[in-house]
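Below, each chain spelled out in residue letters.
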2 protein chains.
Amino acid sequence: MSSERLIYLPLGGAGEIGMNAYVYGYGAPGKERLIVVDLGVAFPDMDTTPGVDLILPDISWLKERADRIDGVFVTHAHEDHIGAIAHTYAALKAPIYARAFTANLARRKMADAGHPEDSVQTVSAWPETLKAGPFEVGFVPLSHSIPESAGLVIDTPAGRLVHSGDFKIDPEPVVGEPFDPGLWEAIAKTGVKALICDSTNVFSPHPGRSESELSSEIETLIAAQPGMVVATTFASNVARLKTLAEAGQRAGRSVVLFGRAMRRMVEAAVETGVLTDFPRVISPEEAQDLPRQSLMLLATGSQGERRAASAQLARGKYRGMTMAEGDLFLFSSKTIPGNERGVIRIMNQFSEMGVDVVDDSSGRYHVSGHANRPDLERMHDLVNPQMVIPMHGEHRHLREHAKLAKERGRQGIVAVNGMMLDLSGEAPVVSEYVDTGRTYLDGSVQIGALDGVVRDRIRLALNGHVTVTVILDEEDEPLGEPWCDTKGLPEAGSSKADLVEICEADLHQFLMRADAKTLRNDDKLEEALRRIVRQTALSEIGRKPEVTVVISRLR
Amino acid sequence: MSSERLIYLPLGGAGEIGMNAYVYGYGAPGKERLIVVDLGVAFPDMDTTPGVDLILPDISWLKERADRIDGVFVTHAHEDHIGAIAHTYAALKAPIYARAFTANLARRKMADAGHPEDSVQTVSAWPETLKAGPFEVGFVPLSHSIPESAGLVIDTPAGRLVHSGDFKIDPEPVVGEPFDPGLWEAIAKTGVKALICDSTNVFSPHPGRSESELSSEIETLIAAQPGMVVATTFASNVARLKTLAEAGQRAGRSVVLFGRAMRRMVEAAVETGVLTDFPRVISPEEAQDLPRQSLMLLATGSQGERRAASAQLARGKYRGMTMAEGDLFLFSSKTIPGNERGVIRIMNQFSEMGVDVVDDSSGRYHVSGHANRPDLERMHDLVNPQMVIPMHGEHRHLREHAKLAKERGRQGIVAVNGMMLDLSGEAPVVSEYVDTGRTYLDGSVQIGALDGVVRDRIRLALNGHVTVTVILDEEDEPLGEPWCDTKGLPEAGSSKADLVEICEADLHQFLMRADAKTLRNDDKLEEALRRIVRQTALSEIGRKPEVTVVISRLR
């Protein structure tokens, strides 16, 4: 009997789509050597995280065990897998391993943050492997919507694990290696203990479609256009960029890349040899001299991001280019839930210009990068693991994926963020619950999600704000009258009188009648003044604002 | 030649989905008698309208012409068509006309707001008509996702208009009259000048499906359930409630209505004779005594609204009921764009409880209430108008709908909110642009969308807030040190020191060195103090907060 154990601990991504961060450990309990797979971010929204710049997984647990980390393995370069590496590097100080394209982008991130470039090491694909403490890790090419996505084969003293990363089954992915079932059968041959598997598309009932199926549809669409064509997709979807650019080229159009992220991705793909025959690209300046029917622009901003090239074109102009009646704008992308409003805004702005907008609703101009339900079944069968541990999904995805595994005769377990599984035995066992959560990058500061900072901002947005200033003299008597300042509140309410004046009058009345005990006690006085403002505002304008009370004592 | 003219003026709904408000006028230019069709609301969101309660159309134009309004005609009782009637009644004072079910709900709204109940008059369906100034108006039954939706036939001295309201073509709508093509042919016989037509589903390429198609699928689903079944849909979709309740009843379950809006809708439908054979409903209290497999709950909150019954069940409990492993939750509804996050939150909460969630993604448990593209074509052909004027849609819907009309040989024109069309001649002519916009119901106050109140709230949410207090003595010299208070900001930043203390120190330094001229001038001083706080915050925490400066002078 071994006293050592194999553990799995998701710190992000298991219970949400985004912010992936998974830990594997092997060793004596509490002394396991650790590796981390992916360190991603999630994106803020106005509803729950106004003003926040990025959402990072809370890695306190890892930080306290930094000396036991033998490496961070990044499966691919999507922000929800790679986005946190630079923000967490100082705390973890572990070497980062990735395939060439991913490593190229990782190094740019590290350099931007002032970290050493050699913190990132490029790894060759399977069958090469890498020793990291008790683990031996191989990067197995798997197609996804970004070049060089990899599933990891993680060999441990307790058996072989397969961590799928994000993947789809694509026999013809346009860029990168086709799906190779034989390779997976070979990997499975020695027996696989657990498949830790992407769950994003478990609710999609039909087999996934190949990236290559799009080219003829896109070509037909673009060939028929009389004006300029602008297409957007995720900047990192290099295969799609290639399909779009080639369709433009075949229609006799010159290709322009609009938006920094897009140029950076193509650059990284060319530098690393991932992309070898991309059509020649001209600059936005050169484009201005060409007739619009000779142009094919590829633009960032498929999710309606306000500062991206697409949104700027929709508002009027980007790098000297404007869209006009008869032009086409193609969303070769899907809208991620939550981004609908921004995307719809752009569609309507283009509509006002007379630009025709085509999106993915027909199914002809976009395919997903994730394995659908039948593809997941196929992957289960190929890898043939003892147990399936769904990851990368909201709770409903994980649950459905575990159900799917069980219906088909395998063990399946839902392990959400913070749930540590002991995988040493025949069945997974929950061995511990670890505190996890989210950290916000807020301006230049990292704050905890529960610090109250963002909660206060939401309250300010919902309720508005009143500042109350009171000065008391040496005898604790009010000096002059109280002042109010409002922000985000209507000037006048039901009585048509000025809200500030009514609040000041009510506060003044109170102060004139207040007893010495109240006037002497900061806390009591503050509470009383706050209550008066909230009550007065409620009766005047129907809402209770946030209140800051400043009591100044001349002593 | 007549010196009178026929005008059409959308004030809401033409350029957005929601907030419908359309004006028709006939008479000498500038002296037209007016009727209003629908007075609806739109709903706020955190991104653009935090803290706002309701969005109403700006009716300033109508207000100034209130003496010329001969009536408000409400096509149906959805909030985006009826929601503003009580909020605008005091300004317009025009009689409100609607069919019985709509009038019943309208009267409740008016009574809640303290308006006379006789402000709302019940109108019988076509062929009965009603004189309103130079107009003769008939309510023609058309099926939609609420009982007694009506298209309006508006006869004017310049010809017949058809205003479709929201509609679908449903030969078997479960509740209410089936679509009657013969009726529309008869209406078209005398010639129709313009069809003003719902555009919501113009991008849906397939013919719409009948409400009646759902019953067998829903029945099959519910019959197979071992636990409790909870279904949600729009409270006003009385036909769907009936389908769901009957499926529950056939499966031997007792039906419970969860949520005030749902009970009110069923009540109104029964009171007005729209609903005659709804299964017997038991109270939530009675339900608690029954085994869970004998229950079928119908709950409000299909859009994930936090306070509705569904969200409360997802968080734990509603009226003593909790959901459990093996129960089913059915979204017999679609998620309106923008509401995805709330709906997904509920799905995951149920998933955590072990509740199976089924939504509309299979197409089996929901059908739309709007006419799809082929249905719009059919309506165009039946009504056979001289011109099609698309309404109720974002710009992209209106534009596509006008294109559709033109492709099929009719005149089509995009008229957005504020664009007045003269319909007197053979072709529509844009005769005027009227200032329109949105009014916010904010607490108990109506404010303009451009008043800056909401903009300030958004800034508070994105940037946080600092209050700065400075006291100056009789000689304009600082008395004591300046004070700072923060809200919605991290406590400490890059230097690890307290943000408030650093700001106060920087302000103090400035005040010590400031010249008399600056100290004497409130505006200058305020601006200087604000700039210091913003700069200090930027270097400490990487963001520039909103700042309120309070300068108190002891004079």
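Residues numbered from 1 in each chain as written. Chains lettered and ligands numbered in written order. Predicted model: local features only at pLDDT ≥ 70, side-chain atom pairs only at ≥ 80, totals over all residues. Heavy atoms only, no water.

Draft legend 1. Geometry of the pattern of salt bridges. Overall, the coordinates contain 73 salt bridges over all chains when judged by the stated rule. The residue Glu211(A) makes a salt bridge to Arg240(A) at a minimum N-O spacing of 2.6 Å. Of this pair, Glu211(A) sits in the loop between strand 13 (192-198) and helix 6 (214-223) while Arg240(A) sits in helix 7 (residues 238-250); the two residues are 29 residues apart in sequence, bridging distant segments of the chain. No difference in accessibility class separates Glu211(A) from Arg240(A), as the two residues are buried. Asp277(B) serves as the salt-bridge partner of Lys242(B), at 3.2 Å between the closest nitrogen and oxygen. Highlighted residues: Lys242(B) in helix 7 (residues 238-250) and Asp277(B) in the loop between helix 8 (260-271) and strand 16 (281-282), separated in sequence by 35 residues. (Salt bridge = Lys/Arg side-chain N within 4 Å of Asp/Glu carboxyl O. Helix = DSSP H or I, 4+ residues; strand = E, 2+ residues; numbered from the N terminus. Buried < 20%, exposed > 50% of the residue type's maximum accessible area, 1.4 Å probe, protein only.)

Draft legend 2. Examining the sheet that holds strand 26 (residues 445-448) of chain A more closely. All names here are of chain A. Read across the sheet, three strands follow the order 5-25-26 without closing on themselves; strand pairing throughout is antiparallel. Edge strands, defined here as strands with exactly one partner in the open sheet, are strand 5 (54-57) and strand 26. Averaged over all pairs of adjacent strands, the angle between their axes in this sheet comes to 35 degrees, without regard to strand direction. Looking at chain direction, strand 5 and strand 25 (residues 438-442) are connected through four bridges and run antiparallel. (Pairing = 2+ DSSP bridges. Axes fitted to C-alpha atoms, helices over the stretch in contact; angles between N-to-C directions.)

Draft legend 3. Examining the relation of the copies chain B and chain A more closely. Note on the copies: chain B fits chain A at an RMSD of 0.1 Å, the axial shift is 0.0 Å, and the rotation between them is 180 degrees. Considering both components of the superposition, the chain copies are consistent with a two-fold axis. Looking at the rotation axis and the C-alpha trace of chain B, the residue lying nearest is Ala461(B), at 2.6 Å. A symmetric contact is evident, with 100% of the interface residues of chain B recurring at the interface of chain A. (Least-squares fit on C-alpha atoms with pLDDT ≥ 70 in both. Contact = heavy atoms within 4.5 Å.)

Draft legend 4. Representation of the interface of chain B and chain A. Listed per partner, the contact involves 62 residues of chain B and 62 residues of chain A. Between chain B and chain A, the buried area comes to about 5400 Å², and carbon and sulfur atoms account for 57% of it. Three residues, Met46(B), Arg341(B) and Lys487(B), lead the burial of chain B against chain A; their summed loss comes to 13% of the area buried on that side. Across the chain B-chain A interface, the total number found is 12 salt bridges. For the salt bridge of Asp53(B) with Arg543(A), the shortest nitrogen-to-oxygen distance reads 3.8 Å. Those elements that place two or more of their residues in the side of chain B that touches chain A are helix 11 (340-353), helix 13 (395-407), strand 26 (445-448), helix 14 (453-463), strand 27 (465-472), strand 28 (483-487), helix 17 (522-541) and strand 29 (546-553) of chain B. Each residue belonging to the side of chain B that touches chain A can be placed in one class, and the counts come to 25 nonpolar, 18 polar and 19 charged. (Buried area = accessible area lost by both parts, 1.4 Å probe. Nonpolar A, V, L, I, M, F, W, Y, C, P; charged D, E, K, R; others polar.)

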